[in-house]
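Fold and contact review
So the chains spell out like this:
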Amino acid sequence: RLRTGGSCEIERCKILDCAEHGVAVYDDIETGEGSEVSVRDTVISGVRGYGIQARGQDVRVDVAAAGCTIQGRKGMYNGVINES
């Protein structure tokens, strides 16, 4: 099991017109451990950076693709983005 520096759930949100990334997930700044984020029933649109960015060795983002609309690229820098 992945030890996490942080975790959160993004559910039923609208993330619109961002100057950077819609969702950006990194290693925990204090511990250096990976982070886990779950995205469900969410719209990400109008972002100038990545729709979702996962950056860090132990970073994991789970996206429930059936309920999400994500416009923009998904960026993985040694992180993992799983779509189900």
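That block above? That's the structure.
Below: a short report on this structure. (Residues numbered from 1 in each chain as written. Predicted model: local features only at pLDDT ≥ 70, side-chain atom pairs only at ≥ 80, totals over all residues. Heavy atoms only, no water.)

**Considerations on the overall build of the protein**
Helices and strands together make up the secondary structure of the protein, namely zero helices and ten strands. Going residue by residue from the N terminus, the α and β elements of the protein occur as β-β-β-β-β-β-β-β-β-β. What you see for the protein is a C-alpha radius of gyration of 12 Å, in line with the 12 Å of a compact globule of 84 residues. Taken over the C-alpha atoms alone, the protein extends approximately 30 × 25 × 20 Å along its principal axes. In the protein, which comprises 84 residues, the proportion classed as buried is 38%. For the protein, restricting intrachain contacts to residue pairs at least 6 apart in sequence, the fraction spanning at least 24 positions comes to 63%. Looking at the protein as shown, the accessible area adds up to about 5,200 Å², and 42% of this sits on carbon and sulfur atoms. Between the averaged position of the 10 positive side-chain charges in the protein and that of its 13 negative side-chain charges there is a distance of 5 Å. (Helix = DSSP H or I, 4+ residues; strand = E, 2+ residues; numbered from the N terminus. Rg over C-alpha atoms; globule rule 2.2 N^0.38 Å. Buried < 20%, exposed > 50% of the residue type's maximum accessible area, 1.4 Å probe, protein only. Contact = heavy atoms within 4.5 Å. Areas by Shrake-Rupley, 256 points an atom, 1.4 Å probe, with all protein chains shown as cover. Lys, Arg positive; Asp, Glu negative; His and termini not counted. Charge placed at Lys NZ, Arg CZ, Asp CG, Glu CD.)

**Digging into the nonpolar core**
Val23, Val39, Ile44, Ile52, Val61 and Val63 are the most contacted members of the largest nonpolar core, which has 17 residues in total. Contact partners of isoleucine 52, with chain neighbours within four places excluded, come to Val23, Ile44, Val61, Val63, Ile70, Arg73, Lys74, Gly75 and Ile81. (Core = buried A, V, L, I, M, F, W, Y, C linked by side-chain atoms within 4.5 Å.)

**Focus on unusual backbone geometry**
What you tend to see is this: most non-glycine residues have negative phi, and most peptide bonds are trans. Phi angles above zero are rare outside glycine, and aspartate 17 is one such case at about 55°. Structurally, aspartate 17 can be placed in the loop between β2 (14-16) and β3 (23-26). The phi dihedral of aspartate 41 is positive, around 45°, even though this residue is not glycine.

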